[in-house]
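Structural overview
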Amino acid sequence: MPYSTYIFDLDGTLLDTLIDITNAVNYALRQMNYPERTVSEVRSFIGNGIKMLIRRAVPTGTGEAEYEKTLALFMEYYLVHVADFSKPYDGIIEVVDELKNRGCKIAVVSNKTDKAAVAVVRRFFGNRFDMVVGKRDCFPTKPAPDSVLFVMKTLGADSADTVYIGDSEVDIQTAHNAGLPCIGVTWGNRDRAELVDNGAEFVVDTPLEIPEI
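Here is what the cut-offs are and how they apply
- Residues numbered from 1 in each chain as written.
- Predicted model: local features only at pLDDT ≥ 70, side-chain atom pairs only at ≥ 80, totals over all residues.
- Heavy atoms only, no water.
- Buried < 20%, exposed > 50% of the residue type's maximum accessible area, 1.4 Å probe, protein only.
- Helix = DSSP H or I, 4+ residues; strand = E, 2+ residues; numbered from the N terminus.
- Contact = heavy atoms within 4.5 Å.
- Polar contact = N/O pair within 3.5 Å; in protein donor to acceptor, adjacent residues only side chain to side chain.
- Salt bridge = Lys/Arg side-chain N within 4 Å of Asp/Glu carboxyl O.

Now for helix 8 (residues 169-177). Those residues of helix 8 that sit buried are Val-170, Asp-171, Ile-172, Thr-174 and Ala-175. Residues of helix 8 that are buried in the fold lie against strand 4 (105-113), helix 7 (146-155), strand 6 (162-166), strand 7 (182-185) and helix 9 (192-197). Two to three positions downstream of the cap, the backbone nitrogen of Val-170 sits 3.2 Å from a side-chain oxygen, assigning the N-cap of helix 8 to Ser-168. Taken from the residues just after helix 8, Gly-179 is the one with a positive phi, measuring 80 degrees.

Laid out in structure tokens, this is it:
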């Protein structure tokens, strides 16, 4: 095994959360009488955290007060409906279990709020992960490496034995900023060409390929 620690992104990597996120975005936009967004648009907005997601979703020229109200409406709705349609990607639970059985350390680092990330991981994965870190006020949003480096330090992981797994250019940048290689996954919010163009060291089409890299 070349790696002993695997750090996963959440949305688009472990969980298919796109419909729940889209529904929450459009709920907030409707309450503000703003035009709704398509699933494809929301997919393209994901990657830099919820604040940037809503910033991209609201109409151009939206004032700060209106933006903050839209963000609050999104959070209010999403925390209640975080798992209406979300589900693990096929094969991902088996991969997590395989890595655990091999004695690997596994963690989640996400730009989703810490409360939402912990709740949704616990719902679908129980206590399988050694650590789950969402967006915390003490860390800048990915692609800043701070949250990944915090996880590595806490788990006693060495950069030579650690890999980051994600579905977007933000994840690739996060991995590289932390001095790690990145496994890009094609079942999430970006396609293979985007992952390759952004410098992913590995690209996989199914979760079962991850332990074999």
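With an omega dihedral of 25 degrees, the bond running from Lys-142 to Pro-143 counts as a cis peptide bond. As for its position among the elements, Pro-143 is in the loop between strand 5 (131-135) and helix 7. Positive phi is not limited to glycine here, since Asn-33 has a value of about 60 degrees. By secondary structure assignment, the location of Asn-33 is in the loop between helix 1 (18-31) and helix 2 (39-45).

Let us now look at the pattern of salt bridges. By the definition in use, this model includes 13 salt bridges. A salt bridge links Glu-41 to Arg-37, with the shortest nitrogen-to-oxygen separation between them at 3.2 Å. We classify Glu-41 as partly exposed; its relative accessible area is 27%. In this structure, Asp-171 engages Lys-142 in a salt bridge whose closest nitrogen and oxygen atoms are separated by 3.0 Å.

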